[in-house]
Amino acid sequence: MHGCALFLTKRVWLLRSLNFSLYSISSSSSLLLLSTARSHFLPFLHSLPPISSMAPGIEAPQRSSNGGSVRPDSHFSDDGVSRKSKVTIVGSGNWGSVAAKLIASNAARLSSFHDEVRMWVFEETLPTGEKLTDVINLNNENVKYLPGIKLGKNVIADPDLENAVKDANMLVFVTPHQFVEGICKRLVGKIRKEVEAISLIKGMEMKKEGPCMISSLISQELGINCCVLMGANIANEIAVEKFSEATVGYRENMREIAEKWVQLFSTPYFVVSPVQDVEGVEMCGTLKNVVALAAGFVDGLEMGNNTKAAIMRIGLREMRMISKLLFSSVKDSTFFESCGVADLITTCLGGRNRKVAAAFAKHGGKRSFDELEAEMLQGQKLQGVSTAKEMYEVLSHRGWLELFPLFASVHEICIGHLSPSAIVEYSERRPNFSVINGQAQ
Ligand SMILES: NC(=O)c1ccc[n+]([C@@H]2O[C@H](COP(=O)([O-])OP(=O)(O)OC[C@H]3O[C@@H](n4cnc5c(N)ncnc54)[C@H](O)[C@@H]3O)[C@@H](O)[C@H]2O)c1
């Protein structure tokens, strides 16, 4: 056995989140071994009492639903043949492929889902001359976006979008955000009427009226309900089954469908919790990429850990404030879930936005993000730069630029109006909160 062992005599207290919610775990034996090894660590986690009974306002993870019996589900129509849910994944990049792996393992195991999981692939020709879709179906592996990982034999790659979605009643959207609107327009009138959707996409679309979150865009374009799944989820780590958590955001009265999504994604190494706060969860997932660019500038300029921690703290404060200003329903507690502070930490330590921003700062801002993205990410897309631009437009349109010095600086650095070192030049631009009457502080 590897990992650390803790010897406890009566009760174990686990500090779960940064708002210091304490979960008590009764230990009937006098000895409890905790191990980071999956087989030892997870039974312990699964033995946690419901969070709701321990910490008011926070909802319990739905771990027990994994493998449990199937409940009647009013959100899914009975087509007269079967009540099984059929899942299609719209997208097949790095995270899309990992999502396929998670979903395929549960679809094969749980009787409430059809075994077959379709994955729509934006077709590409590989350097070998082969089609990406053919190679995925032959090898059961996305050799371009997730090499070395088997997706599950029940994953069928399909380059035909309409064909991929036509039988599905659960759609998982996981493409880079700039492609979503075009995809939705192609899907109008092509999907089943009782479809439920979930978005794993980080980013937002700018409309004349203001920012439009991707889940709202999907709902508006297709007339369907859309939950979101966000979290501290660097795809390559989940692909090799390293333990992590995620948050499903759902709307009022949609708890039942949220549980269905939790069931579809949860594995022993991927623990998913539902939270009734779609906008809060989605804003966290979107805005942390802007903070990660700031963290990357700090790394590229070798400013050290204290500076990086300060940037993360300021970034989290701006994330919370803008989220609450734009959506009054956003809950503070959401920022302490996996989608909030945990995702911010992992993205600022290891994500692609941080990595490319560090290179940008090292080159003194002389090489563009487009150039670095093409060179460093092999077809993967950066989200932070476009999100920073979109957020800047929102802030400037509403006259809030002064309130958000970190968000504003990140965009101005990205477009070359400020040098990367300006990321820490805040002292003369302290936010004047009186502008918004102390709201959302
Ligand atoms: N990779 C991660 O670690 C991770 C983790 C959590 C969330 N996300 C989010 O998931 C979403 C998808 O990211 P990803 O990592 O799966 O993708 P990716 O960046 O790895 O790959 C890009 C994808 O876009 C596709 N594509 C290229 N041009 C297209 C077009 N014109 N139309 C449609 N598709 C096109 C490519 O085929 C490829 O599948 C993003 O919003 C990202 O922020 C990613």
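The preceding data block contains the structure.
All of these numbers come straight from a predicted model, not from anything done at the bench.

**Notes on unusual backbone geometry**
Next, step 1: Even without a glycine there, the phi angle at E241 is positive, about 65 degrees.
Next, step 2: Tracing the backbone through its elements, the reader meets E241 in the loop between α8 (235-239) and β11 (244-249).
Next, step 3: Judged by C-beta crowding, with 15 C-beta atoms within 10 Å, E241 ranks as partly exposed.
Next, step 4: At N253, a residue that is not glycine, the phi angle is positive and equals roughly 70 degrees.
Next, step 5: Tracing the backbone shows N253 in the loop between β11 and α9 (255-265).

**Quick notes on the sheet that holds β11**
Next, step 1: Here eight strands make up an open sheet; going across it, the order is β5-β4-β3-β6-β7-β10-β11-β12 and the pairing mixed. Each edge of the open sheet is held by one strand with a lone partner, namely β5 (155-158) and β12 (270-275). Between one strand axis and the next, the sheet turns through 25 degrees on average, direction left out of account.
Next, step 2: Relative to strand β10 (residues 226-230), strand β7 (residues 196-199) runs parallel, the two being bridged by three bridges. By the bridge assignment, S199 is partnered in β10 with V228.
Next, step 3: Helix α3 (residues 94-109) rests against β3 (85-90), β4 (113-120), β5, β6 (170-173) and β12 of the sheet, and its axis sits at about 165 degrees to β4.

**A short note on the packing of helix α10 (residues 278-300) against helix α11 (residues 305-326)**
Next, step 1: Orientation of α10 relative to α11, taken along the N-to-C sense of each, is 150 degrees, at an axis distance of 9 Å. Comparing the axis directions of α10 and α11 gives the class roughly antiparallel. Of the two elements, α10 crosses α11, and the hand of that crossing is right-handed. Where α10 approaches α11, its residues E279, G280, M283, C284, L287, K288, V291, A294, A295, V298 and D299 are matched on the opposing element by T307, K308, I311, M312, G315, M319, I322 and S323.
Next, step 2: For the contact of α10 with α11, the class distribution of residues is 11 nonpolar, four polar and four charged.

**Points about the site of the ligand**
Next, step 1: Around the ligand sit 24 residues, and of these G93, N94, W95, F122 and A235 come closest.
Next, step 2: No other element matches the three residues that α3 contributes to the shell around the ligand.
Next, step 3: A class-by-class count of the residues in the shell around the ligand yields 10 nonpolar, 11 polar and three charged.
Next, step 4: Split by domain, the residues of the shell around the ligand number at least three in each of domain 2 (65-276) and domain 3 (281-436).

**Comments concerning the packing of α10 against helix α12 (residues 338-350)**
Next, step 1: Two numbers describe how α10 lies on α12: the axes approach to 9 Å, and their chain directions differ by 30 degrees. Looking at the two axes, α10 sits roughly parallel to α12. Once α10 is placed against α12, the crossing between them reads as right-handed. Within the contact between the two elements, α10 uses V281, C284, G285, K288, N289, V291, A292 and A295 and α12 uses C339, G340, D343, L344, T347 and C348.
Next, step 2: Grouping the amino acids of the contact of α10 with α12 by side-chain chemistry returns eight nonpolar, four polar and two charged.

**Structural notes on the pairing of β12**
Next, step 1: Where burial is concerned, most of β12 is hidden: six out of the six residues are buried.
Next, step 2: The alternating pattern of β12 places F270, V272 and P274 on one face and V271, S273 and V275 on the opposite face, and all of these are buried.
Next, step 3: As paired strands, β11 and β12 are joined by six bridges and run parallel to one another. When the sheet's bridge partners are listed, G249 is paired in β12 with V275.
Next, step 4: At this point the chain moves from β11, through α9, to the parallel β12, and the crossover so formed is right-handed.

Conventions and cut-offs
Residues numbered from 1 in each chain as written. Predicted model: local features only at pLDDT ≥ 70, side-chain atom pairs only at ≥ 80, totals over all residues. Helix = DSSP H or I, 4+ residues; strand = E, 2+ residues; numbered from the N terminus. Buried ≥ 20, exposed ≤ 12 C-beta atoms within 10 Å, placed from the backbone. Pairing = 2+ DSSP bridges. Axes fitted to C-alpha atoms, helices over the stretch in contact; angles between N-to-C directions. Contact = placed C-beta atoms within 7 Å. Parallel < 35°, antiparallel > 145°, perpendicular 65-115°, else oblique. Left-handed = near helix turned anticlockwise from the far one by under 90°. Nonpolar A, V, L, I, M, F, W, Y, C, P; charged D, E, K, R; others polar. Near = placed C-beta within 6 Å. Domains from an automatic or database assignment. Right-handed = clockwise from strand over helix to strand, strands pointing away.

By themselves, these figures tell us nothing about what the structure is for.
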